[in-house]
Amino acid sequence: MKDNTKLRGLYAITDSTLLADGRLLPYAEAALKGGACLLQYRDKSSDDARRLREAEALRELCDRHGAQLIINDDAELAARLGAGLHLGQGDGSLSAARALLGRKAIIGATCHAQLELAEQAVAEGASYIAFGRFFDSNTKPGAPAATLELLGQARQRFNLPITAIGGVKLENAPNLIAHGASLIAVVHALFAAESASEVERRARAFSELFVGH
């Protein structure tokens, strides 16, 4: 298991469009080849059998590439696979998830644009805290905006990896990293590509932004 305090780099989050047309596994592997250190499986559907099958395949890919699989909003699936977990504000108790998954599991928490939510997540045992959206976002267009100032304040206050999410692109990611983001979570700018090779190229470009920081 990775040391949670050393999580740093590209955090790839699967886009729902990948689930419908067979691109999930090849595109996910391309992101891992490009250097993603975390891969989040995000599927809000109720097809439990398919979700288990896809999550198992993604875990194998992550194991092969030395990355960590994170399950979005499903502590039981994460426990079954020995994977990490990400919880939004309405996705259940972080402390209960920590008790279920154990001390070493990576558990992240959505904190929107509020340091108070981050404080609560840290107290309940989060491995990383996620702020956003920082820019216009396809995935969460209505989410409250976070600022670079907030990112800097969080870096000063918390000794945990900080994830920046929401409209992150190659052009704006360097500023987020400079202001304290340990992880940049990318959906559309990574996976809205015409081919797996293009996903890998984009992932490598994002990963290289952390060199020297």
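Model, not experiment: these values are computed from the prediction. (Residues numbered from 1 in each chain as written. Predicted model: local features only at pLDDT ≥ 70, side-chain atom pairs only at ≥ 80, totals over all residues. Heavy atoms only, no water.)

1. Focus: the environment of E76
Okay, so step 1: On the secondary structure map, E76 appears in helix α4 (residues 75-81).
Okay, so step 2: A sequence separation of 70 residues divides E76 from A146, and the C-alpha atoms of the two residues are 30 Å apart. (Helix = DSSP H or I, 4+ residues; strand = E, 2+ residues; numbered from the N terminus.)

2. Here's the deal with unusual backbone geometry
Okay, so step 1: Following G132, the chain continues to R133 via a peptide bond in cis, the omega torsion being 10°.
Okay, so step 2: Positionally, R133 belongs in the loop between β6 (128-132) and α7 (148-157).
Okay, so step 3: Positive phi, close to 60°, is recorded for D73, a residue that is not glycine.
Okay, so step 4: Following the sequence through the fold, D73 ends up in the loop between β3 (68-72) and α4.
Okay, so step 5: At H112, a residue that is not glycine, the phi angle is positive and equals roughly 50°.
Okay, so step 6: Among the secondary structure elements, H112 is positioned in the loop between β5 (107-110) and α6 (115-123).

3. Some words on the packing of aromatic side chains
Centre-to-centre distance and the angle between the planes together describe a pair of aromatic rings.
Okay, so step 1: In the structure shown here, the tally under the stated rule is 1 aromatic pair.
Okay, so step 2: Taken together, a centroid distance of 5.7 Å and an interplanar angle of 90° make the contact between Y11 and Y128 edge-to-face. Placement of the pair is Y11 in strand β1 (residues 9-13) and Y128 in strand β6, with a sequence separation of 117 residues.
Okay, so step 3: You can call Y11 buried: its relative accessible area is 1%. (Phe/Tyr/Trp six-rings, centres within 6.5 Å; stacked < 30°, edge-to-face > 60°. Buried < 20%, exposed > 50% of the residue type's maximum accessible area, 1.4 Å probe, protein only.)

4. With respect to the sheet that holds strand β7 (residues 162-165)
Okay, so step 1: Read around the closed barrel, 8 strands run β1-β2-β3-β4-β5-β6-β7-β8, paired in parallel fashion. Within the sheet, the average angular offset between the axes of one strand and its neighbour, ignoring direction, is 25°.
Okay, so step 2: Alignment of β5 against β6, held across 3 bridges, turns out to be parallel. Of the residues in β6, the one forming a bridge with T110 is A130. (Pairing = 2+ DSSP bridges. Axes fitted to C-alpha atoms, helices over the stretch in contact; angles between N-to-C directions.)

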